[in-house]
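Residue-level structure breakdown
Residues per chain, in single letters:
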Amino acid sequence: MADEPLAELEQTPVIAAQIFGDRLPLAEQYASVLSEEGVLRGLIGPREVPQLWTRHLLNCAVLSEVIDADASVVDIGSGAGFPGIPLAITRPDLSITLIDPLLRRTTFLEEIVEALALDNVTVVRGRAEEKAVLKMVEPADVVTSRAVAPLERLARWSAPLIRGGGRLVALKGRSAADEIARDWEKVLRMGIRDLSVEQCGTILETPTTLIVGKRIESGRDARAARKAKRRS
Ligand SMILES: C[S@@+](CC[C@H](N)C(=O)[O-])C[C@H]1O[C@@H](n2cnc3c(N)ncnc32)[C@H](O)[C@@H]1O
């Protein structure tokens, strides 16, 4: 079978400079690696290449709008790096842990992190719900995900990785409101409350839709926070 030519990466959209600022060259490098190596290694489909910026890099980078300065972030099921890598590029102040169970994907993620010198990113291979992962990864201020699982399962995997008072931030499509209506009671039992649909990236043609929820602070979390405050 003759090799099919690789689809062409779209030109860097003008708005990308506004979103990535002086880190735009890193975003361009990531887009370029994804459009070649990423396709050859089966990390993204060839049909994604012409819409890499609009459907993937920009939509993920705008998540930055809803994350506080210096926050810790765990990204579950990062795959080829979404949303974790665009977020790490726009926000060097964040410390980001990318979790994925597949070696092929974590190898690629480690290579990208090294190539782009993203020293605010750690890659962990494993399932988010695995004991070994929970032992290794500190509960974070924010747990992100995109296209990983329906809300109930996502909340079950995310909750133990969110610190008390921290947030779940899941990139979702049009199903967001229906997922909340269907799953909120089960999600509440997992310790995540105040679920809402939010939008970020309203400067984009298609803004990013999020499900946001807050991790309930357990009595133990509250006591530990009070103790730490007294000590400081
Ligand atoms: C459809 S892909 C989405 C990848 C990326 N988030 C994106 O939006 O392009 C789902 C990813 O979730 C990962 N995944 C599946 N189950 C998981 C689990 N239990 N814990 C962490 N990651 C998981 C898969 O390996 C895969 O990379």
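Quick summary incoming for the structure in this document. Each chain carries its own residue numbering, running from 1 in the written order of its sequence. Reporting of local features is limited, given that this is a predicted model, to residues whose pLDDT is at least 70; pairs of side-chain atoms are given and counted only at 80 or more, and all residues count toward the totals for whole chains, interfaces and linings. In computing side-chain values, all of the structure's heavy atoms are included and hydrogens and water are not.

Focus on the site of the ligand
Taken together, 15 residues sit near the ligand, with Gly-77, Phe-82, Asp-100, Arg-105 and Arg-146 positioned nearest. Whenever two N or O atoms come within 3.5 Å, that pair is a polar contact, provided that in protein one can donate a hydrogen and the other can accept it, and provided that, for residues adjacent in sequence, both atoms are side-chain atoms. Contact between the ligand and Phe-82: a nitrogen atom at 2.8 Å from a main-chain N or O atom of the residue. Arg-146 places a side-chain nitrogen or oxygen 2.5 Å from an oxygen atom of the ligand. Surface accessibility follows the Shrake-Rupley procedure with a 1.4 Å probe radius. Residue values consider only the protein chains on display as shielding. The fraction of the free accessible surface of the ligand (600 Å²) that becomes covered by protein chains is 79%. Any residue with a non-hydrogen atom lying within 4 Å of a molecule or strand is treated as near it.

Description of the side chain of Ser-158
Summarising the element assignment, Ser-158 is placed in helix 7 (residues 151–158). The buried label goes to any residue with under 20% of its type's maximum accessible area, the exposed label to any with over 50%, and the partly exposed label to all in between, with areas taken from a 1.4 Å probe on protein chains only. Overall, the relative accessible area of 1% leaves Ser-158 in the buried class. Residues within four places of Ser-158 in sequence aside, it is in contact with Ile-76, Val-143 and Leu-168. Segments assigned H or I by DSSP are reported as helices when at least four residues long, segments assigned E as strands when at least two residues long, and all are numbered from the N terminus. The contact rule is simple, with two residues in contact once any of their heavy atoms fall within 4.5 Å.

Overview of unusual backbone geometry
Along the chain, Phe-82 connects to Pro-83 via a cis peptide bond; the corresponding omega equals 5 degrees. Structurally, Pro-83 can be placed in the loop between strand 1 (72–76) and helix 4 (84–90). Positive phi values are uncommon outside glycine, yet Ala-117 reaches one of about 50 degrees. Mapping Ala-117 onto the fold places it in the loop between helix 5 (103–115) and strand 3 (121–125). Among the residues examined, Ala-117 registers a relative accessible area of 58% and is labelled exposed.

Here we look at the sheet that holds strand 2 (residues 95–100)
Two strands are counted as paired when DSSP detects at least two bridges linking them. What the seven strands build is an open sheet, ordered 3-2-1-4-5-7-6; its pairing is mixed. Two strands close off the open sheet at either side, each with one partner strand: strand 3 and strand 6 (192–200). On average, adjacent strands in this sheet sit at an angle of 20 degrees to one another, irrespective of strand direction. The pairing of strand 2 with strand 3 spans five bridges and is classified as parallel. Each bridged residue has a counterpart across the sheet, and for Asp-100 the counterpart in strand 3 is Arg-125. Interaxial angles span 0 to 180 degrees and are taken between N-to-C directions of axes, which are lines fitted to C-alpha atoms, for helices over the stretch in contact. The strands touched by helix 3 (residues 52–61) are strand 4 (140–146), strand 5 (162–172) and strand 7 (208–215); relative to strand 4, the strand with the most contacts, the crossing angle is about 165 degrees. Packed onto the sheet, helix 7 meets strand 1, strand 4, strand 5, strand 6 and strand 7 and runs at close to 145 degrees relative to strand 5.

Some thoughts on the side chain of Asp-100
The residue Asp-100 is located in strand 2 in this model. Charge convention: Lys and Arg are scored as positive, Asp and Glu as negative, and His as well as the terminal groups of each chain are ignored. Criterion for a salt bridge: a side-chain nitrogen of Lys or Arg within 4 Å of a carboxyl oxygen of Asp or Glu. For the buried residue Asp-100, which engages in no salt bridge, the nearest side chain bearing the opposite charge is Arg-105, 4.3 Å off. Engagement of the side chain of Asp-100 in a polar contact is seen with the backbone nitrogen of Leu-102, the distance being 3.2 Å. Those residues in contact with Asp-100 that lie beyond four places of it in its chain are Gly-77, Ser-78, Gly-79, Arg-105, Thr-106, Val-124, Arg-125 and Gly-126.

Regarding the environment of Gln-29
Structurally, Gln-29 can be placed in helix 2 (residues 24–40). Take Gln-29: its relative accessible area is 33%, and that puts it in the partly exposed class. Sequence separation of Gln-29 and Thr-106 is 77 residues, and the distance between their C-alpha atoms is 18 Å. What Gln-29 contacts, discounting residues up to four positions off in sequence, is Ala-115 and Leu-116.

Concerning the pattern of salt bridges
Pairing of side chains with opposite charge becomes possible as their charged atoms draw close. Counted by the stated rule, this structure contains nine salt bridges. One salt bridge connects Arg-41 with Glu-111, and the closest N-O pair in it is separated by 2.8 Å. In this pair, Arg-41 is assigned in the loop between helix 2 and helix 3 and Glu-111 in helix 5, connecting sequence segments 70 residues apart. Residue Glu-111 is classed as partly exposed on the basis of its relative accessible area, which comes to 40%. With a closest N to O distance of 3.8 Å, Glu-179 and Arg-182 form a salt bridge. Taken together, the positions of Glu-179 and Arg-182, both in helix 8 (residues 176–189) and three residues apart, correspond to about one turn of that helix. Of the residues examined, Glu-179 reaches a relative accessible area of 7% and is grouped as buried. Through salt bridges with shared partners, a single ionic network connects Lys-172, Glu-179, Arg-182 and Asp-183.

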